[in-house]
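Each chain is listed here by its residues.
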Amino acid sequence: MNYDVSSLQGTFQAAISQMVNMVSTYVPSLIGALAILVIGWIIALAVSALIAGVLKKTNLSHLIAQSVHSTDKDAEKAVTSTVKSVVFYVIMLFVLIAFFQTLQLPLITEPLNNMLQQIFVYLPKIFAAAIILLIGWLLATVVKNLLTNLFSKTNMDEQLASKTGSKVSIADSISNTVYWLILFFLLPLVLDALELKEFLEPVNDMFSKLLSHVPNIFSAIIIFVVGFFIAKIVK
């Protein structure tokens, strides 16, 4: 059997040339993608660490932990760690998209881009809900502190403890109840800001039923307070 040596040589050279072209085309993309991944990872670490440092220095982690009635150091560390992780992974998500786009892998980048587009569409709603929650939390905290200071001047807890031996703080119980009620009544506003209609309607129905009992609850509170002061005057 006779072989055409020149033909085989030409085929081999064409194959080698094609491989060289593929490598020369893909290697720069691979190097660029790896550079993006490494630099993005470093930036994500630096920014997340910076945010964590700001939380510690400005005492924001303490305030956030205190908002859920926890002043434990472990709770403050958990808040800082959670925020740091969220910032890190959000930045890394953008880095990964840039990484896969550089490698020209549309099957991976397209779903990620679609997810980010949905996030950016929903982001203003989340921001509005966060503003509502922040204002509500500030209001609830101010009201709680006012009630705590008001009840502390009446010596209600001391008198109750001297008569019943109970260590339960009525002032704290009422203040905390009002605090959570204010936050609870913000729920329809938050759901409306997030445009979660399927949850908003049943919540509105629940609040309508709850508000129908408010006059009775308010009357009971007034009777209790008036009775307490009358008993104090008589004594």
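Here the structure is a predicted model, which is why all the values come from computation and not from measurement. (Residues numbered from 1 in each chain as written. Predicted model: local features only at pLDDT ≥ 70, side-chain atom pairs only at ≥ 80, totals over all residues. Heavy atoms only, no water.)

(A) Looking closely at the overall build of the chain. Per the secondary structure count, the chain includes 9 helices and 0 strands. When the elements of the chain are put in sequence order from the N terminus, they spell out α-α-α-α-α-α-α-α-α. In the chain, buried positions account for 21% of the 235 residues. Split by element, the accessible area of the chain, about 16600 Å² in all, is 72% carbon and sulfur. (Helix = DSSP H or I, 4+ residues; strand = E, 2+ residues; numbered from the N terminus. Buried < 20%, exposed > 50% of the residue type's maximum accessible area, 1.4 Å probe, protein only. Areas by Shrake-Rupley, 256 points an atom, 1.4 Å probe, with all protein chains shown as cover.)

(B) Structural context of the nonpolar core. Core analysis: the biggest nonpolar cluster contains 8 residues, these being Ala33, Leu93, Ile97, Phe99, Phe100, Leu103, Leu112 and Leu116. Broken down by element, the residue count for this core peaks at 4 residues, all from helix α3 (residues 73–102). (Core = buried A, V, L, I, M, F, W, Y, C linked by side-chain atoms within 4.5 Å.)

(C) Spatial organisation of the packing of aromatic side chains. By the definition in use, this model includes 4 aromatic pairs. Measuring from ring centre to ring centre gives 5.2 Å for Phe88 and Tyr89, while their planes differ by 80°; the resulting arrangement is edge-to-face. Geometrically, the ring pair formed by Tyr179 and Trp180 is edge-to-face, given 5.2 Å between the ring centres and 90° between the ring planes. Overall, the relative accessible area of 44% leaves Trp180 in the partly exposed class. Sitting over the face of the ring of Tyr179, Lys144 holds its NZ or CZ atom 5.4 Å from the ring centroid. (Phe/Tyr/Trp six-rings, centres within 6.5 Å; stacked < 30°, edge-to-face > 60°. Lys NZ or Arg CZ within 6 Å of the ring centre and 35° of its normal.)

(D) Just helix α4 (residues 106–154), in detail. Here α4 spans 69 Å end to end across 49 residues, near enough to the 72 Å set by a 1.5 Å rise per residue. Along α4, the largest kink reaches about 40° and is centred on Tyr122; proline Pro124 follows within four residues of it. Those residues of α4 that fall on the buried side of the exposure criterion are Thr109, Leu112, Leu116, Ala129, Gly136, Ala140, Lys144, Leu147, Phe151 and Thr154. (Expected span 1.5 Å × (residues − 1). Bend = angle between axes of the 7 residues up to and from the residue.)

(E) Examining a nonpolar patch on the surface more closely. Together, Val86, Val90, Phe94, Met115, Ile119, Phe120, Leu123 and Ile126 line one region of the surface with nonpolar side chains, adding up to about 670 Å² of accessible area. Put simply, the parts of the chain that give the nonpolar patch at least two residues each are α3 and α4. You can see Ile119 is positioned in helix α4. (Patch = residues over 30% accessible without salt bridge, like charges linked within 9 Å, V, L, I, M, F, W, Y side chains within 5 Å. Salt bridge = Lys/Arg side-chain N within 4 Å of Asp/Glu carboxyl O.)

(F) Fine view of the confidence of the model for the chain. On average, residues of the chain score 75 in pLDDT, and 70% of them reach the 70 mark or higher. At the low end of the mean pLDDT range in the chain sits helix α5 (residues 156–164), at 62; at the high end sits α3, at 83. (pLDDT = per-residue confidence, 0-100.)

(G) Main features of the side chain of Ser175. Inspection of the secondary structure puts Ser175 in helix α6 (residues 170–185). Given a relative accessible area of 0%, Ser175 falls into the buried group. Within polar-contact distance, the side chain of Ser175 engages the side chain of Thr148 at 3.2 Å. The residues touching Ser175, leaving out its near neighbours within four places in the chain, are Lys144, Leu147, Thr148 and Phe151. (Polar contact = N/O pair within 3.5 Å; in protein donor to acceptor, adjacent residues only side chain to side chain. Contact = heavy atoms within 4.5 Å.)

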